[in-house]
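Analysis of the macromolecular model
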Amino acid sequence: MFRNARETGPVVLVPLAWAFVTAAHIGIVDSYTLFVAHVVMSVLLAAFAVTSWREMSEGVLWAWRTVIAVGFLITVAGTVGFRVEESARVLFSVALYGWMLLPAAGFVYTGRRVQEGAWIYFGGAVLCGLGAVGYALGVATGTDPALAASLALVGVGQTAGIADAVYRY
């Protein structure tokens, strides 16, 4: 059962995480709840990395093991941001942009190495990149709808890639 959860869990957790971040941006979720979510995600990422480390040592899985390991660190940075007020903005930015762009690199790596469905991974990478740029523009212009739309782009791109990986491979 644990193996099945490990293999299929990301197809639920990825869109859930982006929905949660978007909900926080539009004021549905408060900062304490987002802090707890960061703690939970840090624990889940660490557990996933530890239990899957050997299985993910070659090929495309190696790239995703790297994404998970670095993702753990950027999630912890976001978690620390809730407790270190002076550095919060920087740490939140590291976590948010890190999770927008880190999987994009994994998608490009994957798209270059798979036989079928490469377009899904390249499309996911493009949506992540567009989402990151759109979010930065939304921050610069103070346009809240652009922030939510940009987060949705990232969520859709990452969900498509992880769903293809779970169901095809």
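In the block above lies the structure referred to throughout.
In short, a report on the structure. What you see is a predicted model, and the numbers here were worked out from it, not measured in a lab. (Residues numbered from 1 in each chain as written. Predicted model: local features only at pLDDT ≥ 70, side-chain atom pairs only at ≥ 80, totals over all residues. Heavy atoms only, no water.)

Looking only at helices and strands, the chain has seven helices and zero strands in total. Reading the chain from its N terminus to its C terminus gives the helix and strand order α-α-α-α-α-α-α. Here the C-alpha atoms of the chain give a radius of gyration of 16 Å, agreeing with the 15 Å that 2.2 N^0.38 yields for 169 residues. By its C-alpha atoms, the chain is 40 × 30 × 25 Å across when sized along the principal axes. Classification of the 169 residues of the chain by burial places 42% in the buried group. Taking the intrachain contacts of the chain between residues at least 6 apart in sequence as the baseline, contacts between residues at least 24 apart amount to 69%. Total accessible area on the chain is roughly 9500 Å²; 70% of this is exposed by carbon and sulfur atoms. Charge-centre separation for the chain: the mean point of 9 positive side chains lies 8 Å from the mean point of 9 negative side chains. (Helix = DSSP H or I, 4+ residues; strand = E, 2+ residues; numbered from the N terminus. Rg over C-alpha atoms; globule rule 2.2 N^0.38 Å. Buried < 20%, exposed > 50% of the residue type's maximum accessible area, 1.4 Å probe, protein only. Contact = heavy atoms within 4.5 Å. Areas by Shrake-Rupley, 256 points an atom, 1.4 Å probe, with all protein chains shown as cover. Lys, Arg positive; Asp, Glu negative; His and termini not counted. Charge placed at Lys NZ, Arg CZ, Asp CG, Glu CD.)

Where nonpolar side chains cluster on the molecular surface, the patch consists of Leu13, Leu16, Tyr32, Val36, Val40 and Leu44 and spans about 510 Å² of accessible area. Where the nonpolar patch is concerned, the elements lending two or more residues are helix H2 (10–25) and helix H3 (31–52). Of the residues forming the nonpolar patch, the biggest block, four residues, is contributed by H3. Secondary-structure assignment places Val36 in helix H3. (Patch = residues over 30% accessible without salt bridge, like charges linked within 9 Å, V, L, I, M, F, W, Y side chains within 5 Å. Salt bridge = Lys/Arg side-chain N within 4 Å of Asp/Glu carboxyl O.)

In this fold, Trp64 is placed in helix H4 (residues 59–81). By relative accessible area, which is 18% here, Trp64 ends up buried. Sequence separation between Trp64 and Gly106 is 42 residues, and the spatial gap between their C-alpha atoms is 6.2 Å. With residues near it in sequence (within four places) discarded, Trp64 still touches Met56, Pro103, Gly106, Phe107 and Thr110.

The subject of this paragraph is the side chain of Ser150. Structurally, the position occupied by Ser150 is in helix H7 (residues 144–168). Separated by 3.5 Å, the side chain of Ser150 and the backbone oxygen of Gly134 make a polar contact. The contact partners of Ser150, leaving out residues within four places of it in the chain, are Gly131, Gly134 and Tyr135. (Polar contact = N/O pair within 3.5 Å; in protein donor to acceptor, adjacent residues only side chain to side chain.)

On to the nonpolar core, then. One finds Trp18, Ile68, Leu96, Met100, Phe107, Tyr135 and Leu151 to be the most contacted residues of the largest nonpolar core, which totals 26 residues. Within the residue set of this core, elements represented by two or more residues are H2, H3, H4, helix H5 (88–111), helix H6 (118–141) and H7. Looking at this core element by element, the count peaks at six residues for H6. With sequence-adjacent residues up to four places away left out, Ile68 is seen in contact with Leu45, Phe48, Ala49 and Met56. (Core = buried A, V, L, I, M, F, W, Y, C linked by side-chain atoms within 4.5 Å.)

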